[in-house]
Every structure is written in structure tokens, then in C-alpha cells.
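Residues per chain are reported as follows:
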Amino acid sequence: MTYAFAGALTGLVRGRFGRHGFRPAPGRHRLQLPPALRTERAYDAVGIAERHGPGVMALLPRAGCVLAGAGHWWWIVPPQSDVGVSWPAPAVYAVGAMVTGPPGRRTGPAGAEEPGVVHWPGDEEPYTHPLLLHIAVCAAAGVSPAWPCDERLPRS
């Protein structure tokens, strides 16, 4: 099986394709980027308990948009940032940035609830680099990063 096909298959299984008309399950909502950072590009999110958020943030050389809501800090990452990465147990990976719990604590336009912004990226790029975030989350969790082995690599 080629890696391109495997990636597409992963997307199908996780429901990444054909989201038109998608309705979240009760009690779930999508983390919304602030209006100035909104983009047509897709995104996922990585969450960690609010008490660990400042520690993870301090370990990152650059962070994208970070939102806070329902007791978690959420880093916006590119889609499929969970492929080939084992996020440690304290982290929550949210495909499509769909999270469980009540929306955040700030009221946005038209009375819609939005998460609070913890960090605004200086370059207005909403994504945090997922591998650097993975290393920071692992450090905060006190575990070593786990990387998958590629059996196709030549052995020395």
C-alpha cells in the first residue's frame, strides 16, 4: 500500500472528506479562529489542560493561534498533524478542531460564544508547528517523544 493511498484512507476513516452538511454531535463544537485569523484552510487542534498551557507555551520557539476554553488550551495545527505522531495521554487531538464541552468564555459577534485567545501569532499564521508542539507537550507530560519507525529506510 502506498503512503499516498494510506493517507487518503486515513482521511476517509476519520471523516475528513465530504464534510458538507456535517453536523457536530450534541455537546461538541468547532473551535473558531478569531476573525482576523480566519482562513479557508482546514485546521485541527491539540489541547492540553489549562494548568499545563503556560509550561508548553514557554517551550515553543514560535506559537500560532492558541485558544482557551472549557479548561483546555488549544493550539491550532495543520490538518493530519496526528498522522505518524503519538500524542501523549494528557494531550487531546481534535480532528477538524471539533471539541467536547461548552464553547469558550468570550462572546463574539451576534452573541455567538467563542474561545478566548491566549496567544496571537505575530506573523498572523494560525498554525503551530506540530512536531515542535509534540516535543513541548511530551516534555510537559514528562514522557519521551515516540516516533514511528519507517521500515523502508536502508539499514547501515
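Refer to the preceding data block for the structure.
Starting afresh in each chain, residues are numbered from 1 along the sequence in its written order. Local features are withheld for residues below a pLDDT of 70 in this predicted model, meaning they are given only at 70 or higher, and side-chain atom pairs are given and counted only at 80 or more; totals for whole chains, interfaces and linings count all residues. Processing note: side-chain calculations cover all non-hydrogen atoms of the structure and skip hydrogens and water entirely.

## Side note on the packing of aromatic side chains
Here's step 1: Note on aromatic contacts: the rings of Phe and Tyr and the six-membered ring of Trp form a pair at centre separations within 6.5 Å, being stacked when their planes are under 30 degrees apart, edge-to-face when over 60 apart, and tilted otherwise. Under the counting rule described, the total for this entry stands at 2 aromatic pairs.
Here's step 2: Aromatic side chains Trp73 and Trp75 sit 6.2 Å apart centroid to centroid with 50° between the ring planes, which places their arrangement in the tilted category.
Here's step 3: Three exposure classes are used, based on accessible area relative to the maximum for each residue type with a 1.4 Å probe and protein chains only: buried under 20%, partly exposed in between, and exposed over 50%. On the basis of relative accessibility, which here comes to 0%, the residue Trp75 falls in the buried class.

## Here's the deal with unusual backbone geometry
Here's step 1: With a phi angle near 60°, Ala97 is a residue other than glycine that sits in the positive phi range.
Here's step 2: Structurally, Ala97 can be placed in the loop between β5 (92-94) and β6 (98-100).
Here's step 3: A positive phi is found at Glu124, a non-glycine position, where the angle reads about 60°.
Here's step 4: By the element assignment, Glu124 lies in the loop between β9 (116-119) and α3 (130-141). Here a helix means four or more residues in a row that DSSP labels H or I, a strand means two or more in a row labelled E, and each is numbered from the N terminus.

## Some thoughts on the pairing of strand β3 (residues 66-69)
On a regular strand, each side chain points to the face opposite its neighbour's, so the side chains alternate between the two faces of the sheet.
Here's step 1: Burial along β3 is two-sided: Val66 and Ala68 facing one way and Leu67 and Gly69 facing the other are all buried.
Here's step 2: Between β3 and strand β4 (residues 72-77), which pair antiparallel and follow one another directly, the connecting turn spans 2 residues, one of which, Ala70, has a positive phi of 55°.
Here's step 3: Across 3 bridges, the pairing between β3 and β9 is antiparallel. Across the sheet, residue Leu67 finds its bridge partner in β9, namely Val117. Only when DSSP finds a minimum of two bridges between them are two strands counted as paired.

## Let's talk about the nonpolar core
Here's step 1: Side-chain atoms within 4.5 Å link the members of a nonpolar core, which is a set of buried Ala, Val, Leu, Ile, Met, Phe, Trp, Tyr and Cys residues. Within the largest apolar cluster, 18 residues are counted, with the highest numbers of intra-cluster contacts made by Val46, Val56, Leu60, Trp75, Trp87, Leu133 and Val137.
Here's step 2: When contributions to this core are tallied by element, the ones reaching two or more residues are β2 (44-49), α2 (53-59), β3, β4 and α3.
Here's step 3: We call two residues in contact when some of their heavy atoms are within 4.5 Å. Excluding anything up to four places from it in sequence, Val137 contacts Ile48, Val56, Trp87, Pro88 and Ala91.
Here's step 4: Counting residues in each nonpolar core, the second largest holds 13 residues, with Leu37, Tyr43, Trp74 and Ala94 among its members.

## Quick word on the sheet that holds β4
The strands that make up a sheet pair up through hydrogen bonds in the backbone, lying either parallel or antiparallel.
Here's step 1: What the 5 strands build is an open sheet, ordered β5-β2-β4-β3-β9; its pairing is antiparallel. Edge positions in the sheet fall to β5 and β9, since each of these pairs with one other strand and no more. The sheet shows a mean angle of 30° between the axes of neighbouring strands, taken without regard to direction.
Here's step 2: Two elements, β2 and β4, share 6 bridges in a ladder whose sense is antiparallel. Within the sheet, the bridge partner assigned to Ala49 lies in β4 and is His72. Here the axes come from fitting lines to C-alpha atoms, over the contacting stretch only for helices, and the angles between their N-to-C directions go from 0 to 180 degrees.

## Structural notes on the environment of Asp82
Here's step 1: As for its placement among the helices and strands, Asp82 is situated in the loop between β4 and β5.
Here's step 2: Separated by 13 residues in the primary sequence, Asp82 and Val95 place their C-alpha atoms 8.6 Å from one another.

## Brief notes about the pattern of salt bridges
Here's step 1: The working definition used for a salt bridge is a side-chain nitrogen of Lys or Arg within 4 Å of a carboxyl oxygen of Asp or Glu. If you walk through the whole model with that rule in mind, you get 2 salt bridges.
Here's step 2: In this structure, Glu125 and Arg41 form a salt bridge, with 3.3 Å as the shortest nitrogen-oxygen distance. You can see Glu125 sitting in the loop between β9 and α3 and its partner Arg41 sitting in the loop between β1 (28-30) and β2, a full 84 residues away along the chain.
Here's step 3: What makes Arg41 partly exposed here is its relative accessible area of 39%.
Here's step 4: We note a salt bridge from Arg62 to Asp123, for which the minimum N-O separation is 2.8 Å. Here Asp123 lies in the loop between β9 and α3 and Arg62 lies in the loop between α2 and β3, a separation of 61 residues in the sequence.
Here's step 5: Taking the relative accessible area as the measure of exposure, Arg62 reaches 31% and is therefore partly exposed.

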